[in-house]
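# Architecture at a glance
This is what each chain is made of:
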Amino acid sequence: MRARLNAQFMPQGIEILDVIIEKISLPQYIQQQMTKKTLVISQNAEQRMQHKFNMQDLNQKEEVTTLLQTHDERKKEAIEDGNAMALVKKYELNLVKAEGRKVIADIQAEN
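Residues numbered from 1 in each chain as written. Predicted model: local features only at pLDDT ≥ 70, side-chain atom pairs only at ≥ 80, totals over all residues. Heavy atoms only, no water.

## Quick word on the overall build of the chain
The helix and strand inventory of the chain stands at two helices and zero strands. The C-alpha atoms of the chain give 45 Å as radius of gyration, which overshoots the globular expectation for 111 residues (13 Å, by more than 25%). Principal-axis analysis of the C-alpha atoms gives the chain an extent of 145 × 30 × 15 Å. Here the chain holds 111 residues, and the buried ones make up 2% of them. Counting every atom, the chain has about 10,900 Å² of accessible surface; 57% of that belongs to carbon and sulfur. Taken together, the 16 basic and 16 acidic charged side chains of the chain have centroids lying 8 Å from each other. (Helix = DSSP H or I, 4+ residues; strand = E, 2+ residues; numbered from the N terminus. Rg over C-alpha atoms; globule rule 2.2 N^0.38 Å. Buried < 20%, exposed > 50% of the residue type's maximum accessible area, 1.4 Å probe, protein only. Areas by Shrake-Rupley, 256 points an atom, 1.4 Å probe, with all protein chains shown as cover. Lys, Arg positive; Asp, Glu negative; His and termini not counted. Charge placed at Lys NZ, Arg CZ, Asp CG, Glu CD.)

## Overview of a nonpolar patch on the surface
A surface patch of nonpolar side chains, amounting to about 550 Å² of accessible area, comprises Met 1, Ile 21, Ile 24, Leu 26 and Met 34. In this fold, Met 1 is placed in the segment before α1 (2–9). (Patch = residues over 30% accessible without salt bridge, like charges linked within 9 Å, V, L, I, M, F, W, Y side chains within 5 Å. Salt bridge = Lys/Arg side-chain N within 4 Å of Asp/Glu carboxyl O.)

## Examining the side chain of Asn 6
With respect to the helices and strands, the residue Asn 6 is situated in helix α1. Looking at Asn 6, the relative accessible area reads 14%, which means it is buried. Asn 6 has contacts with Ile 14, Glu 15 and Ile 16, leaving out every residue within four places of it along the chain. (Contact = heavy atoms within 4.5 Å.)

## Re the pattern of salt bridges
A full pass over the atoms with the stated rule returns two salt bridges. Its salt-bridge partner being Lys 89, residue Glu 92 comes within 3.6 Å of it at the nearest N-O pair. A residue pair is termed a helical-turn pair when its members lie 3 or 4 positions apart in one helix, as Glu 92 and Lys 89 do in helix α2 (residues 28–110) at three residues. On the basis of relative accessibility, which here comes to 37%, the residue Glu 92 falls in the partly exposed class.

As far as function goes, none of this settles anything; it's purely spatial.
Okay, structure coming up:
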């Protein structure tokens, strides 16, 4: 721009050393186009962010559901294991009781 201005004013002996643009006025139709373009860009960005939020929300809900299912499965397994161990211990206890009764019966038979 400076070169163009110097080419125009050099014949009159004026040299342009620096150019500062202070204010630009665009025609109304260009301003409207720029506003519309900015609005479309903003809407697209909002849609992308909303989609990303929705996907994160869905992923988190699925993760929570999976964790709850895993917890429930482990809880059921622990209960089943505990019940199985209780049956084994009850059986062992019944064996010990039976042996004790037999010992008592043998002692009573001897007397």
